[in-house]
Amino acid sequence: MQEIELKFLVPESRLKGLMRQARVKSSEVTQLAAHYYDTPDQQLAEAGIGLRIRKEGDAWVQTIKAGGDGIAARLEHNAVLDNEQVQAMLDNNTLMPDLTIYKNTSVAPALAEFKLKKLAKNLTRLYVTDVERTTRLLVDDSGSDGDANNHVEMAYDYGEIIHGNDDTQRDAIQEIEFELISGDIDFLFATAKTWCKRYKLCLSTVTKAERGGLLITEQQHSPAVHADLDQLNIDKKISMPAFVRAAVHNCLLQILPNSSAIVAGSEEDVHALQLYIGITRLQAALQAFASYSDEINPDWLPILKRTATLLNEYRELAHLASHIEPNLQQHGAPTVDWATDMDALKITPKEAVSANDFQLTLLELIAFTMSDPSLEPQADQLAIDKLAKTLSKQQAKLGKAVQELQSKKDLGSNNINIESNDLKDDDLQSVDLDDSDLENVDSKSDDIENIDLDGNNAEHELHEQLTTLLYISEFATPLLDKKKSKKKKAKKESKRWLKYLAKAQKTLNKYHNHKMYQQRYQLKSKTDSSALYGAGWFAAMLVRDLKRTEKRLAKVTHSSVLR
């Protein structure tokens with residue numbers, strides 16, 4: 001069967017109030033002792049599969065979870081085991097799952113890549129969980145005849161994950177789940193939103209199996225998740241409403257794991273970076289494909305934009321302090337202390353991502369992707385028939401932005417002053433300041449807009465239009481390829497187009513990043529003369545960046561995926 005559930009982390013400040021609502025007279029408290037299994041190198045986890053044997057009250061149940069939509073839905077198979085047999089195996093320390101029970105079941109395809117006999121021999125218990133679960137059944141009581149069939153189970157889990165071979169290694173569990181038992185999925189999201197508003201809950205896609213895997217590998221958080229267009233599930237007959245849902249879903253596959261890591265405490269720059277990129281991709285999709293669906297909420301974009309801005313502000317300073325500054329010092333620059341600037345930030349990434357309106361927006365976006373596109377008025381219209389017009393319109397916007405910038409005569413001069421340095425462009429050719437991980441994102445910060453020089457608004461507009469064109473082209477070209485008659489030639493043209501776009505965005509991003517660094521060092525120099533070195537360094541780099549940017553932009557403006 002398919003399990004549809006939403007999981008949240010509970011902030012400590014809201015725990016007491018939540019528990020008063022969780023532990024009502026009708027609620028039940030159950031002790032859950034679970035043993036999780038995988039191969040020593042975690043082959044099941046790598047395939048997105050979780051396998052456990054758990055004592056649920058008086059019964060032992062073997063459960064496997066796999067597949068699903070990667071967000072809120074997963075395949076689940078439960079088998080009640082013989083208590084006496086389980087106890088005998090526990091006494092002999094030989095408790096192991098029985099994989100033969102999955103033959104001819106709904107989860108069999110998920111195990112198809114494994115040879116079950118070989119897999120069974122390699123299984124070992126990696127970790128266990130000891131959890132107290134408080135459950136409460138929530139019923140729709142709004143009064144209409146069919147509402148009595150809407151049931152959601154709330155489950156609050158409190159306990160520990162324990163290393164299978166070293167019980168001194170433990171990780172605390174404090175989370176709440178809402179699972180649809182029966183009825184309309186809208187009731188699940190309505191219930192989750194009510195609790196999320198009241199108790200400031202934060203969505204988490206991290207399963208107990210994943211947390212156990214992190215425990216045994218001594219990691220705090222899962223690696224950052226990058227965009228993966230291979231997971232974009234579309235075909236040439238997809239409708240406009242279904243297409244935009246597929247695009248949003250693909251963005252959420254990048255957004256949710258990274259936001260989950262941040263609300264769980266990750267301070268790694270890469271999580272903030274990939275979350276920022278995911279939100280930027282989502283903004284591009286919602287803006288470009290807004291006419292494809294009547295269910296897109298216009299309130300989403302302002303919240304996404306604000307969250308992205310806050311993340312970007314932190315990301316810029318964090319990268320400047322941890323990467324750019326040390327690399328400059330290696331090349332003779334005096335030390336510039338950015339600690340006070342970091343401390344002056346009003347909102348951290350965790351606070352930005354934990355904000356209730358952002359979390360509620362994520363919930364609404366998940367609900368949107370899981371809603372039925374066939375119920376929309378445009379369900380009979382194919383996305384493939386609209387995409388060419390959408391791309392053509394966006395390319396025209398890019399062309400206009402290029403012309404606007406060219407009308408200012410000089411894309412990059414902007415009266416940049418190198419001040420007290422004698423750096424030349426040739427001095428910079430062999431220096432790598434390790435900002436390659438920022439080349440796929442924009443560099444906009446409200447804090448430095450007041451020192452932006454002439455032309456920056458036009459540059460930002462150009463970057464926004466180029467980024468939007470790149471992202472929606474990535475979503476659209478698989479369908480456009482299928483529409484063209486000569487498939488191999490079409491794919492080749494599409495790859496060339498995307499290559500031109502990606503290279504242009506990369507060079508323009510580098511230009512923006514270096515300009516941002518130059519402005520930050522220039523501003524810093526008002527209180528610390530040591531910052532003049534960095535201001536001059538990046539001013540010189542901008543000259544080289546400009547030439548590359550103009551060359552690659554020309555290729556984009558003189559080509560098109562639609563030809």
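Keep in mind that what you see is a predicted model, and the values were worked out from it rather than measured.

About the criteria used
Residues numbered from 1 in each chain as written. Predicted model: local features only at pLDDT ≥ 70, side-chain atom pairs only at ≥ 80, totals over all residues. Heavy atoms only, no water. Helix = DSSP H or I, 4+ residues; strand = E, 2+ residues; numbered from the N terminus. Contact = heavy atoms within 4.5 Å. Areas by Shrake-Rupley, 256 points an atom, 1.4 Å probe, with all protein chains shown as cover. pLDDT = per-residue confidence, 0-100. Patch = residues over 30% accessible without salt bridge, like charges linked within 9 Å, V, L, I, M, F, W, Y side chains within 5 Å. Salt bridge = Lys/Arg side-chain N within 4 Å of Asp/Glu carboxyl O. Lys, Arg positive; Asp, Glu negative; His and termini not counted. Charge placed at Lys NZ, Arg CZ, Asp CG, Glu CD. Axes fitted to C-alpha atoms, helices over the stretch in contact; angles between N-to-C directions. Parallel < 35°, antiparallel > 145°, perpendicular 65-115°, else oblique. Left-handed = near helix turned anticlockwise from the far one by under 90°. Nonpolar A, V, L, I, M, F, W, Y, C, P; charged D, E, K, R; others polar. Phe/Tyr/Trp six-rings, centres within 6.5 Å; stacked < 30°, edge-to-face > 60°. Buried < 20%, exposed > 50% of the residue type's maximum accessible area, 1.4 Å probe, protein only. Lys NZ or Arg CZ within 6 Å of the ring centre and 35° of its normal. Pairing = 2+ DSSP bridges. Core = buried A, V, L, I, M, F, W, Y, C linked by side-chain atoms within 4.5 Å. Disulfide = S-S within 2.5 Å. Expected span 1.5 Å × (residues − 1). Bend = angle between axes of the 7 residues up to and from the residue. Polar contact = N/O pair within 3.5 Å; in protein donor to acceptor, adjacent residues only side chain to side chain.

Enquirer: Would you take a moment to explain the overall build of the protein chain for this structure?
Expert: Across its full length, the protein chain carries 16 helices and nine strands. Put simply, of all contacts in the protein chain between residues at least 6 apart along the chain, 78% involve residues at least 24 apart. Total accessible area on the protein chain stands at roughly 26800 Å², and carbon and sulfur atoms take up 47% of it.

Enquirer: Hey, could you run me through the confidence of the model for the protein chain in this one?
Expert: A low pLDDT means the predicted coordinates there should not be read in detail. The share of residues in the protein chain with pLDDT of 70 or more is 88%, and the mean pLDDT across the chain is 87. Ignoring residues within four places in sequence, the model shows residues 411–432, a span with pLDDT below 50, making 45 contacts including any to other chains. Across residues 442–454 the pLDDT falls below 50, and counting only partners more than four positions away or on other chains, this stretch makes 34 contacts in the model.

Enquirer: Quick question: what am I supposed to make of a positive patch on the surface here?
Expert: On the surface, Lys499, Lys503, Lys551 and Lys555 cluster together into a positively charged patch. Locating Lys555 in the fold gives a position in helix α16 (residues 532–557).

Enquirer: Mind showing me how you'd approach the packing of helix α8 (residues 269–288) against helix α9 (residues 300–330) here?
Expert: Angle between the axes and distance between the axes are the two parameters that describe a pair of packed helices. Packing of α8 against α9 brings their axes to within 9 Å, and their N-to-C directions diverge by 150°. What the angle tells us is that α8 and α9 run roughly antiparallel. Crossing angle aside, the handedness with which α8 passes α9 is left-handed. For the contact of α8 with α9, the class distribution of residues is 14 nonpolar, seven polar and three charged.

Enquirer: Would you take a moment to explain the packing of aromatic side chains for this structure?
Expert: Think of a pair of aromatic rings as described by two things: how far the centres are apart, and how the planes are tilted against each other in angle. In the structure shown here, the tally under the stated rule is 13 aromatic pairs. Judged by centre distance (5.1 Å) and plane angle (50°), the rings of Phe289 and Tyr292 are tilted. Ring centres of Trp338 and Tyr521 lie 5.2 Å apart, and the angle between their planes is 85°; this geometry places the pair in the edge-to-face category. Residue Trp338 is located in the loop between α9 and α10 (339–343), and its partner Tyr521 is located in helix α15 (residues 487–524); the two are separated by 183 residues in the primary sequence. Overall, Trp338 belongs to the buried group, its relative accessible area being 4%. It is Arg315 that lies over the ring of Tyr276; its NZ or CZ is 5.5 Å from the centre. One Lys or Arg, Lys524, reaches over the ring of Trp338 and ends 5.1 Å from the middle of that ring.

Enquirer: What am I meant to see in the packing of α9 against helix α12 (residues 356–370) here?
Expert: Look at α9 against α12: their axes get within 10 Å of each other, and the N-to-C directions meet at 130°. In terms of orientation, α9 lies oblique with respect to α12. Handedness of the crossing formed by α9 with α12: left-handed. Contacts between α9 and α12 pair Trp300, Ile303, Leu304, Arg306 and Thr307 from the former with Asp357, Phe358, Thr361, Glu364, Leu365 and Phe368 from the latter. A breakdown of the residues in the contact of α9 with α12 according to their chemical character gives six nonpolar, two polar and three charged.

Enquirer: What should I look at first to understand the pairing of strand β3 (residues 50–56) in this one?
Expert: Note on strand geometry: in a regular strand, side chains alternate between the two faces of the sheet. With five of seven residues buried, β3 lies mostly within the body of the structure. Here strand β2 (residues 28–38) runs beside β3; their pairing, made up of six bridges, is antiparallel. For Ala33, the partnering residue across the bridge sits in β3 and is Lys55. The pairing of β3 with strand β4 (residues 59–66) spans seven bridges and is antiparallel. Residue pairing across strands places Ile53 opposite Gln62, the latter belonging to β4.

Enquirer: Any chance you could explain the nonpolar core here in plain terms?
Expert: What tends to happen in soluble globular proteins is that the nonpolar side chains get buried as a cluster. Among the nonpolar cores identified, the biggest contains 99 residues, and Phe8, Leu18, Ile176, Phe178, Leu201, Phe243 and Phe289 are the most heavily contacted of them. No other element matches helix α7 (residues 240–263), which puts 14 residues into this core. In terms of nonpolar packing, the next biggest core, distinct from the first, is built from 19 residues, Ala318, Leu320, Met516 and Tyr533 among them.

Enquirer: I would appreciate a short explanation of the environment of Pro11 in the present structure.
Expert: Relative to the helices and strands, Pro11 is located in the loop between β1 (2–9) and α1 (15–22). Take Pro11: its relative accessible area is 25%, and that puts it in the partly exposed class. The contacts of Pro11, once residues within four sequence positions are left out, are Tyr199, Lys200 and Leu201.

Enquirer: I'm lost on the pairing of strand β7 (residues 151–163) in this one. Help?
Expert: Among the 13 residues in β7, ten count as buried, and that is most of the element. Remark: six residues form the turn of the hairpin made by β7 and strand β8 (residues 170–182), two consecutive strands paired antiparallel.

Enquirer: Please explain the state of the cysteines as it appears in this structure.
Expert: Disulfides are covalent bonds that connect the sulfur atoms of two cysteines. Scanning all chains against the criterion turns up zero disulfides. Cysteine Cys196 is unpaired, with the sulfur of Cys202 as its nearest cysteine sulfur at 7.1 Å. The exposure class of Cys196 is buried, given its relative accessible area of 0%.

Enquirer: Help me understand α16, please; the structure alone is not making it clear to me.
Expert: Given 3.6 residues per helical turn, the α-helix brings residues three or four places apart onto the same face. Spanning 26 residues, α16 covers 37 Å between terminal C-alpha atoms, matching the ideal 38 Å at 1.5 Å per step. Taken as a whole, α16 carries its principal kink of about 25° at Arg544.

Enquirer: How should the pattern of salt bridges be read in this particular structure?
Expert: Pairing between side chains of opposite charge can happen when the charged atoms of each approach one another. Throughout the structure, instances matching the rule amount to 19 salt bridges. One salt bridge in this structure joins Arg23 and Glu132, with 2.6 Å as the shortest N-O distance. In this pair, Arg23 is assigned in the loop between α1 and β2 and Glu132 in strand β6 (residues 124–139), connecting sequence segments 109 residues apart. Given a relative accessible area of 25%, Glu132 falls into the partly exposed group. The network of salt bridges with shared partners includes Lys7, Arg133, Asp157, Asp171, Glu175, Glu177, Lys208 and Arg211.

Enquirer: I keep staring at unusual backbone geometry and nothing clicks. Help me out?
Expert: Note on backbone geometry: most residues besides glycine have negative phi, and most peptide bonds are trans. With a phi angle near 55°, Asn93 is a residue other than glycine that sits in the positive phi range. Here Asn93 is to be found in the loop between α3 (83–91) and α4 (116–122). Exposure remark for Asn93: the relative accessible area of 67% places this residue in the exposed category.

Enquirer: What should I look at first to understand the side chain of Arg520 in this one?
Expert: The residue Arg520 is located in helix α15 in this model. At 3.0 Å, the side chain of Arg520 forms a polar contact with the side chain of Glu316.

Enquirer: Whenever I open this one, the side chain of Thr280 confuses me. Can you help?
Expert: Structurally, the position occupied by Thr280 is in helix α8. On the accessibility criterion, Thr280 (17% relative accessible area) is buried. Polar side-chain contacts of Thr280 include one of 2.8 Å to the backbone oxygen of Tyr276. Not counting chain neighbours up to four residues away, the residues in contact with Thr280 comprise Thr467 and Tyr471.

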